[in-house]
Amino acid sequence: MKRSKLITILLAVMVVFLAACGGTTNEGNNTNTNNQGTANAGQTNNAGGESNGTGEEASRMIKHAMGEAEITGTPKKIVVLEWTYAEDLLALGVQPAGVTDIENYNVWYGFLEEKLDAAVVELGTRQEPSIETITSLAPDLIIGVKFRHEAIYDQLNAIAPTLIFNPYPEEGGLDQYSEMEETFRAIADALNKKDEGEKVLADLQAVYDDAKGKLSAAGKEGHEVVMTQAWSTDGVVDFRLFTDNSMAMAILAKIGLKNAHQDSAFQMYGYTQTTLEALTKTQQASLLYTVSPTDPVFSDMLPKNKVYNELQFVKENRLYDLAGIWPFGGPKSAELLANKVTELLAK
């Protein structure tokens, strides 16, 4: 009996031992299955994170004159405090929500094909934009210019991410044309339109190449010109003669023309502000001029001036009206200037 009882006990222990081993094996398999499932889920989430980091919801740091701004996704409601950047938006197919001094923007930019919509909100002057109106628009992005808006940058940045650019680099920095391209690319990036921005600049280069070829064929390669923006105040005429670092003269250089006006001093704004007497030094050149459509400088005032009438380019009818083209704009203004000058000189 004792022997039989001992055998029974031993058999029971073996059954328990085998059951325990089998349970451990199953638990291990379950653990492996769960770990694999967790790993796969992690991979799926990581893929989703990468997708969220690109495309419409991507975040990117945009460098500007006041530092960097983080822009997430695609801004839909953009406030622009300087005309050039309104033009940049339009070149990218985007209408701003608000712009400063719309009336005068339409005067100087009226020849561009791209127009501001009637729904664009007036924001006051470029020098003193209305913070209240900007706030009421609840913009996603604000774009301003350093020499006007640096003092209110913190106020603007508290409303929405704000980009501030400097179109007038100091001596030793970028020329104005290179700055224009750099700023245009930054704005295109901020708007999630980098490809569209590159196409605009590529199309502009094609315009330059075409214009240069036409001027060369007309025997005007290397032709000397002076370009001025002129205006009258109380019967007195002032001239801005553009220097080589200006955007305007950089455009004319790209189409094969030479600047006859030289200034020994660096002019940060890209022009020498002077009087009629300065033009006596460049009489061999052709004079290109742009004035407000309402200013009678060349149509009425200067033709009555004896000194003006004795200038060689006046006598030889080498005066060319640029029809009020704004010389401080973006790529569309640049295209317009190149085409207009070519049209006038390659006759």
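Residues numbered from 1 in each chain as written. Predicted model: local features only at pLDDT ≥ 70, side-chain atom pairs only at ≥ 80, totals over all residues. Heavy atoms only, no water.

1. Looking at the overall build of the protein
- In terms of regular secondary structure, the protein is built from 13 helices and 13 strands.
- Going through the 347 residues of the protein one by one, you find that 44% of them count as buried.
- Long-range contacts, defined here as pairs at least 24 residues apart, represent 64% of the contacts in the protein between residues at least 6 apart.
- When the accessible surface of the protein is summed, it comes to about 18,000 Å², and 51% of that surface belongs to carbon and sulfur atoms. (Helix = DSSP H or I, 4+ residues; strand = E, 2+ residues; numbered from the N terminus. Buried < 20%, exposed > 50% of the residue type's maximum accessible area, 1.4 Å probe, protein only. Contact = heavy atoms within 4.5 Å. Areas by Shrake-Rupley, 256 points an atom, 1.4 Å probe, with all protein chains shown as cover.)

2. Looking at the packing of aromatic side chains
- Following the criterion strictly, the structure yields 19 aromatic pairs and no others.
- Taken together, a centroid distance of 6.3 Å and an interplanar angle of 55° make the contact between Tyr177 and Tyr208 tilted. In this pair, Tyr177 is assigned in helix 7 (residues 176–190) and Tyr208 in helix 8 (residues 194–217), connecting sequence segments 31 residues apart.
- The ring of Trp83 carries Arg126 above its face, with NZ or CZ at 3.7 Å from the centroid. (Phe/Tyr/Trp six-rings, centres within 6.5 Å; stacked < 30°, edge-to-face > 60°. Lys NZ or Arg CZ within 6 Å of the ring centre and 35° of its normal.)

3. A closer look at unusual backbone geometry
- Even without a glycine there, the phi angle at Ala138 is positive, about 50°.
- Summarising the element assignment, Ala138 is placed in the loop between helix 4 (131–137) and strand 6 (141–145).
- Accessibility expressed as a relative area gives 48% for Ala138, which makes it partly exposed.
- Look at Asn317: it is not a glycine, yet its phi comes out positive at around 60°.
- Along the chain, the position of Asn317 falls in the loop between helix 12 (312–315) and strand 13 (319–321).

4. Concerning the side chain of Ser333
- By the secondary structure assignment, Ser333 is in helix 13 (residues 331–345).
- With near-sequence residues (within four places) excluded, Ser333 lies in contact with Glu87, Tyr109, Leu112, Ile325 and Trp326.

5. Here we look at the packing of helix 7 against helix 9 (residues 247–254)
- As a packed pair, helix 7 and helix 9 sit with axes 7 Å apart at the nearest point and diverge in direction by 95°. Looking at the two axes, helix 7 sits roughly perpendicular to helix 9. Contacts between helix 7 and helix 9 pair Gln176, Tyr177 and Met180 from the former with Met247, Ala250, Ile251 and Lys254 from the latter.
- Counted by class, the contact of helix 7 with helix 9 contains five nonpolar, one polar and one charged residues. (Axes fitted to C-alpha atoms, helices over the stretch in contact; angles between N-to-C directions. Parallel < 35°, antiparallel > 145°, perpendicular 65-115°, else oblique. Nonpolar A, V, L, I, M, F, W, Y, C, P; charged D, E, K, R; others polar.)

6. Description of a nonpolar patch on the surface
- Residues Phe147, Phe266, Met268 and Tyr269 make up a contiguous nonpolar surface patch of about 330 Å² in total accessible area.
- Inspection of the secondary structure assignment puts Tyr269 in the loop between strand 10 (258–259) and strand 11 (271–274).
- Here Tyr269 falls in the partly exposed class, since its relative accessible area comes to 35%. (Patch = residues over 30% accessible without salt bridge, like charges linked within 9 Å, V, L, I, M, F, W, Y side chains within 5 Å. Salt bridge = Lys/Arg side-chain N within 4 Å of Asp/Glu carboxyl O.)

7. Regarding the confidence of the model for the protein
- The pLDDT averaged across the protein works out to 86; a share of 84% of its residues lies at or above 70.
- In the predicted structure, residues 1–53 sits below a pLDDT of 50 and forms three contacts with residues beyond four places in sequence or in another chain. (pLDDT = per-residue confidence, 0-100.)

8. As for the packing of helix 2 (residues 83–91) against helix 13
- At their nearest, the axes of helix 2 and helix 13 sit 8 Å apart, and the two run at 90° to each other. One finds that helix 2 runs roughly perpendicular with respect to helix 13. For the pair formed by helix 2 and helix 13, the contact residues are Glu87, Asp88 and Ala91 on the first element and Pro331, Lys332 and Ser333 on the second.
- Of the residues contributing to the contact of helix 2 with helix 13, the split by class is two nonpolar, one polar and three charged.

9. A look at the pairing of strand 12 (residues 286–290)
- Counting buried residues in strand 12 gives five out of five residues, a clear majority hidden from the surface.
- The pairing of strand 8 (residues 224–233) with strand 12 spans five bridges and is parallel. Counted as the bridge partner of Val226 is Leu287 from strand 12.
- Examined bridge by bridge, strand 12 and strand 13 share three bridges and lie parallel to one another. In the sheet register, Leu288 faces strand 13, and the bridge partner there is Tyr320. (Pairing = 2+ DSSP bridges.)

10. Here we look at the pattern of salt bridges
- Inspection of every chain in the model, using the stated rule, returns 13 salt bridges.
- Residue Arg60 pairs with Asp189 through a salt bridge whose shortest N-O separation is 3.6 Å. With a gap of 129 residues between them, Arg60 in strand 1 (residues 59–64) and Asp189 in helix 7 connect regions that are remote in the sequence. Each member of the pair, Arg60 together with Asp189, is buried.
- A salt bridge links Glu316 to Arg318; the shortest N-O distance between them is 2.9 Å.
- Salt bridges sharing partners connect three or more residues here, namely Glu82, Arg126 and Arg148.

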